[in-house]
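Each chain is listed here by its residues.
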Amino acid sequence: MSVGVYKAILNIQKIYFNLIDRLLSNGSIQSGFAEDAKSMLNKAEPDRKCLERLARNSSKGIEFINGKI
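One numbering rule holds for all chains: residues counted from 1, following each sequence as written. Residues qualify for local features only when their pLDDT is at least 70, as the model is predicted, and side-chain atom pairs are given and counted only at 80 or more; totals for whole chains, interfaces and linings, by contrast, use all residues. Excluding hydrogens and water, the side-chain values take into account all heavy atoms of the structure.

Asker: Run through the overall build of the chain, naming residues and quoting values.
Answerer: Helix and strand definitions here come from DSSP, where helices need a minimum of 4 consecutive H or I residues and strands a minimum of 2 consecutive E residues; each element is numbered from the N-terminal end. Looking only at helices and strands, one finds three helices and zero strands in the chain. Residues classed as buried in the chain amount to 16% of the 69 residues present. The Shrake-Rupley method, run with a 1.4 Å probe, gives the accessible areas here. Residue values count only the displayed protein chains as cover. Counting only carbon and sulfur atoms, one obtains 56% of the accessible surface of the chain, whose full area is about 5,700 Å². Any residue under 20% of the maximum accessible area for its type is buried, any over 50% is exposed, and the rest in between are partly exposed; the area is computed with a 1.4 Å probe on protein chains only.

Asker: Before we move on, could you go through a nonpolar patch on the surface and cite the residues and values that matter?
Answerer: Grouping into patches uses exposed residues only, defined as over 30% relative accessible area, and leaves out salt-bridged ones; the cut-off is 9 Å for like charges and 5 Å for nonpolar side chains (Val, Leu, Ile, Met, Phe, Trp, Tyr). The term salt bridge refers to a side-chain nitrogen of Lys or Arg lying within 4 Å of a carboxyl oxygen of Asp or Glu. A cluster of nonpolar side chains, namely Tyr-16, Leu-19 and Leu-23, defines an oily patch on the protein surface of about 260 Å² accessible area. Tracing the backbone through its elements, the reader meets Tyr-16 in helix H1 (residues 3–25).

Asker: Lay out the confidence of the model for the chain with the relevant residues and their values.
Answerer: The score called pLDDT rates the predictor's confidence residue by residue, from a low of 0 to a high of 100. When pLDDT is averaged along the chain, the result is 77, and 67% of the positions lie at 70 or above. The secondary-structure element of the chain with the lowest mean pLDDT is helix H3 (residues 48–65), recorded at 64, while helix H2 (residues 31–43) shows the highest, at 90.

Asker: Requested: an account of the environment of Ala-8, with residues and values cited.
Answerer: Among the structural elements, Ala-8 can be located in helix H1. As a C-alpha pair, Ala-8 and Leu-54 span 46 residues in sequence and 8.2 Å in three-dimensional space.

Asker: Which residues make up the pattern of salt bridges, and what values do they have?
Answerer: Tallied over the full model, the rule gives one salt bridge. For Lys-38, the salt bridge is made with Asp-21, and the minimal N-O distance between the two is 2.5 Å. Of this pair, Lys-38 sits in helix H2 while Asp-21 is found in helix H1, placing the two residues 17 residues apart along the sequence.

Spelled out as structure tokens, the structure:
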């Protein structure tokens, strides 16, 4: 797995963890559910092809926004 894809996986995982924490802090979900969700994220095997496509599309979007495309 390339470094770029690995970083994308970590960033996506961080986004999910932050989302879970925010939902927990505003009372939208219960702590047991949040713990289970985080546990599932840690155990989940990422779909490599999907993540590679996501990372490529994300970087293209950033390049487009920055005027590189």
